[in-house]
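Each chain, written out:
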Amino acid sequence: MFVIRYCLLLLFFTSMPVMAQFDLDGTGSVVLTNGRTESFDFGFSYFRQDGFYRFIVGRQSINVPSVPKKYSLVLILQNEEFVWVPDFINQPITGFDFNLEQHKIQLFKDDKSQARGKYILQVNNERFQFSRGPGQINFYFTEQGIKEIRVEGMYKPRR
């Protein structure tokens, strides 16, 4: 009888779902208003450490009870001239290139565009333009990593 209980307990503990973890490397570069380019690292990690779950975004880290549902990256257009992305750098920029695993995100000026500030945000193959307020790139997570990326506060131009 003892052997059966032991085997059942062993089976129970070995078949319990394991909390998934992820480590998504992100790298990029920003173009400053003076034309200079600076590189940055900005990824997402979620893992168990010392009995807690840790969520890391760029250089920031926090203990969490479970994987966060989403993280919002804010883009602020100032005076129709330049953009602030505080998570990347604490200076105004005129563009960026950001690669996060299989995702490519870019912000650039298109002088032919009718967009506010002539800025275009491209997430993979989709293009967006600033609307009235700040734009957001929302990363939605599962325990395995990014489930989807949605842009809010911006609109898709007609082709």
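Structure first, text after, so check above.
Residues numbered from 1 in each chain as written. Predicted model: local features only at pLDDT ≥ 70, side-chain atom pairs only at ≥ 80, totals over all residues. Heavy atoms only, no water.

**Q** Looking at this model, I keep getting lost on the packing of aromatic side chains. Mind explaining?
**A** Each pair of aromatic rings is reported with the distance of its centres and the angle of its planes. Applying the stated criterion across every chain, the model contains 17 aromatic pairs. Ring geometry for F42 and F44: centres 5.7 Å apart, planes at 80°, overall edge-to-face. Accessibility classification places F42 together with F44 in one group, the buried group. Each ring, one from F44 and one from F55, has its centre 6.3 Å from the other, and the planes form 20°; the classification is stacked. Of the two residues, F44 sits in strand β4 (residues 44-49) while F55 sits in strand β5 (residues 52-57), which places them 11 residues apart along the sequence. Under the relative-accessibility criterion, F44 is labelled buried at 0%. (Phe/Tyr/Trp six-rings, centres within 6.5 Å; stacked < 30°, edge-to-face > 60°. Buried < 20%, exposed > 50% of the residue type's maximum accessible area, 1.4 Å probe, protein only. Helix = DSSP H or I, 4+ residues; strand = E, 2+ residues; numbered from the N terminus.)

**Q** For this particular structure, what's the right way to read the pairing of β4?
**A** Put simply, side chains in a regular strand alternate between the two faces of the sheet. Sheet analysis places strand β1 (residues 22-24) next to β4, joined by 3 bridges and oriented antiparallel. Of the residues in β4, the one forming a bridge with L24 is F44. As paired elements, β4 and β5 share 6 bridges and run antiparallel to each other. Note on β5: the bridge partner recorded for Y46 is F55. Between β4 and β5, which pair antiparallel in sequence order, lie 2 residues; one of them, D50, sits at a positive phi of approximately 55°. (Pairing = 2+ DSSP bridges.)

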